Amino acid sequence: MAQHSAEPRSNAHTHQTISTPTPPQGRHSGTSWAIGGTVFAGVLMMVGGVLGILNGIAAIATDDVYTNIGDYVFEFSLTTWGWIHLVLGAVVAFAGWGILQGRDWARGVGIALASLYAIAYFMFLPYAPVWSVIVIAASVFVMWSLATAPEERRD
């Protein structure tokens, strides 16, 4: 059985030393994960925004896409919900584009819009319960990802 060591290996045929790369000093190992989470949050916002736009168009075009519910505290007409989803989806998709472009304003706006998106889908819960729970979970991830992302340093 071969033993492993931390010493660099030397190749007997070419007499070269092979060493493993080390990360640069001062760089946090989780930075790439945080940046990846921010990019994923931007993509989620763009996709969620486009789906919100389509959801809004479907609710505005015809009132039989979603079933009407009984008495509920947050009861709006389906046309009203359509306009809410259409406008909010367009703004969320635009903020997601800003996050992917690395705009300074996009992180704060993204957190605020993800919060608003989660609240809107909480209120929309009786109409589409499974989709609403999925959107709320994605919104929580977006808020966490944007809030914990490292500041970009421009040299």
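This is a predicted model, so every value here is computed, not measured.

Draft legend 1. Focus on the overall build of the protein. Each helix and strand in the protein was counted, giving four helices and two strands. Going residue by residue from the N terminus, the α and β elements of the protein occur as β-β-α-α-α-α. For the protein, the proportion of its 155 residues judged to be buried stands at 28%. Put simply, 68% of the contacts in the protein that link residues at least 6 apart link residues at least 24 apart. Accessible surface, the protein: about 10,500 Å² in total, of which carbon and sulfur atoms supply 65%.

Draft legend 2. Looking closely at helix α3 (residues 106–123). A rise of 1.5 Å per residue sets the reference length of α3, with its 18 residues, at 26 Å; its end C-alpha atoms lie 25 Å apart and thus fit the reference within 8%. Along α3, the residues that are buried comprise A106, G110, L113, A114, Y117, A118, A120, Y121 and M123.

Draft legend 3. Seen up close, the environment of S139. The topology assignment puts S139 in helix α4 (residues 129–148). Between the C-alpha atom of S139 and that of M45, which follows or precedes it by 94 residues, the distance is 8.3 Å. With sequence-adjacent residues up to four places away left out, S139 is seen in contact with A114, Y117 and A118.

Draft legend 4. Looking closely at the nonpolar core. Core analysis: the largest hydrophobic core is formed by 21 residues, its most contacted members being M45, L88, V92, Y117, F124, V142 and L146. Contributions of two or more residues to this core are made by α1 (31–61), α2 (78–101), α3 and α4.

Draft legend 5. Focus on the UniProt feature "transmembrane region" (unreviewed entry) in the protein. The sites that UniProt annotates as "transmembrane region" (unreviewed entry) are residues 33–61, 81–100, 105–124 and 130–149. For the annotated span residues 81–100, helix accounts for 100% and strand for 0% of the residues, and the straight-line distance between the end C-alpha atoms is 28 Å. For the annotated span residues 105–124, helix accounts for 90% and strand for 0% of the residues, and the straight-line distance between the end C-alpha atoms is 28 Å.

Draft legend 6. Local environment of the packing of aromatic side chains. For the structure shown, the criterion picks out nine aromatic pairs. Residues F40 and F141 carry aromatic rings whose centres are separated by 5.6 Å and whose planes lie at 65 degrees to one another, so their mutual orientation is edge-to-face. Remark: F141 occurs in helix α4 and F40 occurs in helix α1; sequence separation between them is 101 residues. A ring pair is formed by Y121 and F124, whose centres lie 6.0 Å apart and whose planes are at 85 degrees; its orientation type is edge-to-face. Neither Y121 nor F124 differs from the other in exposure class; each is buried. Counting every residue linked through ring pairs, the aromatic cluster contains W81, Y117, Y121, F124 and Y127.

Criteria and cut-off values
- Residues numbered from 1 in each chain as written.
- Predicted model: local features only at pLDDT ≥ 70, side-chain atom pairs only at ≥ 80, totals over all residues.
- Heavy atoms only, no water.
- Helix = DSSP H or I, 4+ residues; strand = E, 2+ residues; numbered from the N terminus.
- Buried < 20%, exposed > 50% of the residue type's maximum accessible area, 1.4 Å probe, protein only.
- Contact = heavy atoms within 4.5 Å.
- Areas by Shrake-Rupley, 256 points an atom, 1.4 Å probe, with all protein chains shown as cover.
- Expected span 1.5 Å × (residues − 1).
- Core = buried A, V, L, I, M, F, W, Y, C linked by side-chain atoms within 4.5 Å.
- UniProt positions renumbered as here; feature names shortened; annotations may be inferred.
- Phe/Tyr/Trp six-rings, centres within 6.5 Å; stacked < 30°, edge-to-face > 60°.

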